[in-house]
Amino acid sequence: MSDTNTASEPPVVVGVDGSEHSLRALAWALSAAGHLGSPLVVAHVRSDALQLGAARIASLGPSPELPDAVVEAVRTVVEEHGHAMPVRYESLDGSVTDALPAAARGARLLVTGSRGHGGFASLLLGSTSRTLAATAPCPLVVVPHEARAAALEGGAEAGRVLLGLHPEETPDEVVAFAFEAARQRGVPLEAVTALRLPPQPTSVVVAPAPALQVPPALPVAGRAEAFVREAEREQEERLRPFVARRPKVELVRTVVPADAAGLLVEGSRDAGLVVVGRHHRHRFGSLLIGSVAHAVLHHAHCPVAVVPPVPPT
């Protein structure tokens, strides 16, 4: 069931279920659609009971489609909020983890709340959002419980975009998404590269044989500085083509010896959006979320965008 024709631009799709968490996601999606100049698709996967009832009624012959109370309630919220872009409402059947990815094929973004109805209130991330992070066909934005009002409203006051960058492993599409998000929002982009320092040789070879010559270890401070300088060079080289394509984006480069997930979670306290890559496909074909993306999704204080890899051709 849908209404209000949208333009041919790829839409922003937001999944709603009437919960407070999904309404936060709806507010963020409305703002994002406005910034991107994209139509908005508000999608609700009907409950199992409603799907079963509709199927039984349909089996008796032609009849009006059962109304979707969640869609009607959300429609009222959207109209009261106001919107500049076209909005379409869809009632979907099937499981949430199948129906939402199907609705988001070809979309610019899929947006969800961190949790929906049900589950334990103490959970930071629901099973549905966790599954969608691994299966969505487009970038998925998860809006957490405590999303700040500034982050929901967008604009320059929303806070910078924070990119988790591994110079050798982060795919181009993740970096490009972060640059474009910063450009669209008119905010700085901070590229964060965390590095783990190798252990001191003396901690690896505790008691070397007399014939084994182990060079004296560099001072800890000197070793750290050398590794940071090398990582800074690699980061600058990795970002150079993106800077050339988006020269107006203010770029802040951060390279520190630290845990990547911890840095991004701490930085999310005053950021508007954290961008991470999903991860690579498992060798058996299943999709996995990387440990950094997993930790950030669970603990970030602002919306998190998980960007999938380009499908293999």
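What you see is a predicted model, and the numbers here were worked out from it, not measured in a lab.

Undergrad: Requested: an account of the packing of aromatic side chains, with residues and values cited.
TA: Enumeration over the complete set of coordinates arrives at one aromatic pair. Ring plane angle 25° and centroid distance 5.9 Å describe the contact between Phe-179 and Phe-242, whose orientation is recorded as stacked. Taken together, the positions of Phe-179 in helix α7 (residues 172–185) and Phe-242 in helix α9 (residues 220–245) put the pair 63 residues apart, joining distant regions of the chain. A relative accessible area of 2% means that Phe-179 is categorised as buried. For Phe-242, a relative accessible area of 4% translates into the label buried. One Lys or Arg, Arg-75, reaches over the ring of Tyr-89 and ends 4.5 Å from the middle of that ring. A cation over a ring is seen here: Arg-245 above Phe-242, with NZ or CZ 4.7 Å from the ring centre.

Undergrad: Explain the packing of helix α1 (residues 20–36) against helix α3 (residues 69–81) to me, using residue names and the numbers behind them.
TA: Running from N to C, α1 and α3 point in directions that differ by 40°, and their axes come no closer than 11 Å. On the basis of their axis angle, the class for α1 and α3 is oblique. At the point where α1 passes α3, the crossing takes the right-handed sense. Along the contact surface, α1 presents Leu-23, Leu-26 and Leu-30, while α3 presents Val-74, Val-77, Val-78 and His-81. Taken together, the residues of the contact of α1 with α3 sort by class into six nonpolar, one polar and no charged.

Undergrad: Could you give an account of the pairing of strand β2 (residues 40–45), naming the residues involved and the relevant values?
TA: Burial analysis of β2 places six of its six residues in the buried class, the great majority of the element. The alternating pattern of β2 places Leu-40, Val-42 and His-44 on one face and Val-41, Ala-43 and Val-45 on the opposite face, and all of these are buried. Read as a crossover between parallel neighbours, the route from strand β1 (residues 12–15) over α1 to β2 is right-handed. Across six bridges, the pairing between β2 and strand β3 (residues 87–92) is parallel. Residue Val-41 lies in a different strand from β3, and its bridge partner there is Arg-88.

Parameters and conventions
- Residues numbered from 1 in each chain as written.
- Predicted model: local features only at pLDDT ≥ 70, side-chain atom pairs only at ≥ 80, totals over all residues.
- Heavy atoms only, no water.
- Phe/Tyr/Trp six-rings, centres within 6.5 Å; stacked < 30°, edge-to-face > 60°.
- Helix = DSSP H or I, 4+ residues; strand = E, 2+ residues; numbered from the N terminus.
- Buried < 20%, exposed > 50% of the residue type's maximum accessible area, 1.4 Å probe, protein only.
- Lys NZ or Arg CZ within 6 Å of the ring centre and 35° of its normal.
- Axes fitted to C-alpha atoms, helices over the stretch in contact; angles between N-to-C directions.
- Parallel < 35°, antiparallel > 145°, perpendicular 65-115°, else oblique.
- Left-handed = near helix turned anticlockwise from the far one by under 90°.
- Contact = heavy atoms within 4.5 Å.
- Nonpolar A, V, L, I, M, F, W, Y, C, P; charged D, E, K, R; others polar.
- Right-handed = clockwise from strand over helix to strand, strands pointing away.
- Pairing = 2+ DSSP bridges.

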